[in-house]
Amino acid sequence: SRLWRGVIEEYRDRLPVTPATPVVTLREGGTPLVPAPWLSELTSCEVWLKVEGVNPTGSFKDRGMTVAISKAAEQGAEAVVCASTGNTSASAAAYAVRAGMRPVVLIPDGKISGPKLAQAVVHGGVIASVQGNFDDCLRLARELAETYPVALVNSVNPFRLAGQKTAAFEIVDDLGDAPDLHVLPVGNAGNISAYWLGYTEYQQSGPAKRRPRMWGFQAAGAAPFVHGGPVSAPETVASAIRIGSPASWDLAIAARDDSGGLIDAVTDEQILAAQQELSGREGLFVEPASAAGVAGLLHYSRTGRLDAGQRVVITVTGHGLKDVDTASAYYGEIRPYVVPADAAAAASALGLA
Ligand code: F0G
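Note that the structure is a prediction, hence the values are computed from the model and not measured. (Residues numbered from 1 in each chain as written. Predicted model: local features only at pLDDT ≥ 70, side-chain atom pairs only at ≥ 80, totals over all residues.)

**Details of the packing of helix α4 (residues 87–98) against helix α5 (residues 114–122)**
Here is the rule: To define axes, lines are fitted to C-alpha atoms, for helices over the stretch in contact only, and angles between the resulting N-to-C directions are given on a 0 to 180 degree scale. A run of DSSP states H or I qualifies as a helix once it reaches four residues; a run of E qualifies as a strand once it reaches two. Both are numbered from the N-terminal end. Roughly parallel means an angle under 35 degrees; roughly antiparallel, over 145; roughly perpendicular, 65 to 115; everything else is oblique. Note on convention: the crossing is left-handed when the near helix lies turned anticlockwise from the far helix by less than a right angle, right-handed when the turn is clockwise. Throughout, a residue-residue contact means that the two C-beta atoms, derived from backbone geometry, are no farther apart than 7 Å.
Across the interface, α4 lies against α5 with an axial gap of 8 Å and an inter-helix angle of 20°. What the angle tells us is that α4 and α5 run roughly parallel. Relative to α5, α4 is oriented so that their crossing is left-handed. Along its contact with α4, which presents Asn-87, Ser-89, Ala-90 and Ala-93, the element α5 presents Lys-116, Gln-119 and Ala-120.

**Comments concerning the UniProt feature "modified residue: N6-(pyridoxal phosphate)lysine" (unreviewed entry) in the protein**
To be explicit about the condition: UniProt positions are given in the numbering used here, feature names are shortened, and annotations may be inferred rather than shown by experiment. To assign burial, the other C-beta atoms lying within 10 Å of each residue's own C-beta are counted, with C-beta atoms placed from the backbone; 20 or more indicates buried, 12 or fewer indicates exposed, and intermediate counts indicate partly exposed.
The UniProt feature table records "modified residue: N6-(pyridoxal phosphate)lysine" (unreviewed entry) at Lys-61. Examined against the element boundaries, Lys-61 turns out to sit in helix α3 (residues 61–74). Of the residues examined, Lys-61 has 34 C-beta atoms within 10 Å and is grouped as buried. Each residue touching Lys-61, except ones within four places of it in the same chain, is listed here: Asn-87, Thr-88 and Ser-91.

**Some details on the sheet that holds strand β7 (residues 181–185)**
The criterion, for reference: For two strands to be treated as a pair, DSSP must find no fewer than two bridges joining them.
Pairing is mixed across the open sheet formed by 6 strands, whose spatial order is β1-β2-β10-β7-β8-β9. Each end of this open sheet is capped by a strand with a single partner; those strands are β1 (33–35) and β9 (262–266). Averaged over all pairs of adjacent strands, the angle between strand axes in this sheet comes to 25°, irrespective of strand direction. Relative to strand β10 (residues 311–316), β7 runs parallel, the two sharing 3 bridges. Considered in β10, the bridge of Leu-181 is made with Val-312.

**Digging into the confidence of the model for the protein**
Here is the rule we go by: Values of pLDDT, ranging from 0 to 100, describe the predictor's confidence in every residue of the model.
Residues with a pLDDT of 70 or more make up 100% of the protein, whose mean pLDDT is 97. As scored by the predictor, the complex reaches a pTM of 0.97 and an ipTM of 0.99.

**Re the site of the ligand**
Rules: In this entry, near means the residue's backbone-placed C-beta atom lies within 6 Å of the molecule or strand. All amino acids are sorted into three groups, where Ala, Val, Leu, Ile, Met, Phe, Trp, Tyr, Cys and Pro are nonpolar, Asp, Glu, Lys and Arg are charged, and the leftover types, Gly among them, are polar. Residue ranges assigned to each domain were obtained from an automatic or database domain assignment.
Taken together, 22 residues lie near the ligand, and Ser-84, Asn-87, Gly-187, Asn-188 and Gly-318 sit nearest. Looking at side-chain class alone, the shell around the ligand contains 6 nonpolar, 14 polar and 2 charged residues. Both domains that meet at the shell around the ligand, namely domain 1 (7–59 + 160–331) and domain 2 (61–157), each give it at least three residues.

**Some details on the UniProt feature "binding site: pyridoxal 5'-phosphate" (unreviewed entry) in the protein**
Here the UniProt-annotated "binding site: pyridoxal 5'-phosphate" (unreviewed entry) positions come out as Asn-87, Gly-187, Asn-188, Ala-189, Gly-190, Asn-191 and Thr-317. Look at the named residues: they lie 231 residues apart in sequence, but the longest C-alpha span between them is just 14.2 Å, so in the fold they bunch up. Inspection of the secondary structure assignment puts Asn-87 in helix α4. The class for Asn-87 is buried, based on 31 C-beta atoms found within 10 Å. Once residues within four sequence positions are removed from consideration, Asn-87 is found in contact with Ser-59, Lys-61, Lys-116, Ala-240 and Gly-318. Along the chain, Gly-190 turns up in helix α9 (residues 190–204).

**Description of the pairing of strand β5 (residues 126–130)**
Just so we agree on the cut-off: Crossover handedness is defined here as right-handed if the route from the first strand over the helix to the second strand goes clockwise, with the strands pointing away from the viewer.
Examined bridge by bridge, strand β4 (residues 102–108) and β5 share 5 bridges and lie parallel to one another. Counterpart to Val-104 in the pairing with β5 is Val-126. A crossover connection joins β4 to the parallel β5 through α5; in handedness this β-α-β unit is right-handed.

**A look at the packing of helix α8 (residues 166–175) against α9**
Relative orientation of the contacting elements α8 and α9 amounts to 50°, with a least axis distance of 7 Å. Considered as vectors, α8 and α9 are oriented oblique to each other. As α8 runs across α9, the sense of the crossing is right-handed. Contacts between α8 and α9 involve Thr-166, Ala-167, Ala-168, Phe-169 and Val-172 from the first element and Tyr-195, Gly-198, Tyr-199 and Tyr-202 from the second. By residue class, the composition of the contact of α8 with α9 is 7 nonpolar, 2 polar and no charged.

Here is the structure:
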């Protein structure tokens, strides 16, 4: 059958599941790898976009959540908890209710986008607005899970990374081998770690002949990897990656160094400009954090630090509808042509006549 079955059934032999694991899936994964002609022309590379915003809850988090929630169900959990800048909480809530569990989500007070909060609400999340930032939320989530009967589903849970590594498998399956370079945003650093695990596993067991260099990009105001240590008051317009103390620190450093790659920062202006170029030229609307990888590639290309002729995959991690306020604000006040319901008058007002 050509019907995509979700990442657990598609990659069962590579995931930590057994026949006893109840599969909780929304048929996540199987996301499109879309050619990017404008970026390719500009960079003299062959650029592809792995479009993760088409996952069931609108971000890459669903890949890890299907595994984490399935394992929590196998272990008999009745409640799950996560800290989140918005996407993890949306995903955890959706998968948890599907499994009949209570989703408890800890979000930084006033710091997540409206649509992401709405997702947690509609999926029946028990929502705590924590007086602190994401890093405080994660510490609190860990403490709750240590002491109370609730399973932690942040990416410090290894089942999350196991699910997320399937994106690397899909890319190799689509392209026939790993790309030369893989570019993506970095926040809590689970995803760059998961991709590296996936590429490494696929090379060691055969489907890929090589591994890519990994290039991660953080927001300049929330760039602990660039500073070499935690940032106490992270700040960026890209709320999804407003994180000062990434959990997967060592794994991300290993991905960077073992791949001969880098983790660098891009400014909010570069992030918003890249988001706008993606929607205005490639036809893809992604949320601000998701544009950080594109912003980074453009920055390196413009400063002469990107070798031409490479095959490049950039992960765009979440859908543009996840944060419409930030996107709209970038364009200023929206002023449509106000026209009568009359073809001749409309055509003349719209410059078609
Ligand atoms: N892009 C988006 C859209 C995200 O939501 C996140 C992380 C990242 C990139 C960074 O990925 O943390 O694995 O390095 N969002 C988490 C959340 C923190 O709570 O939704 P990472």
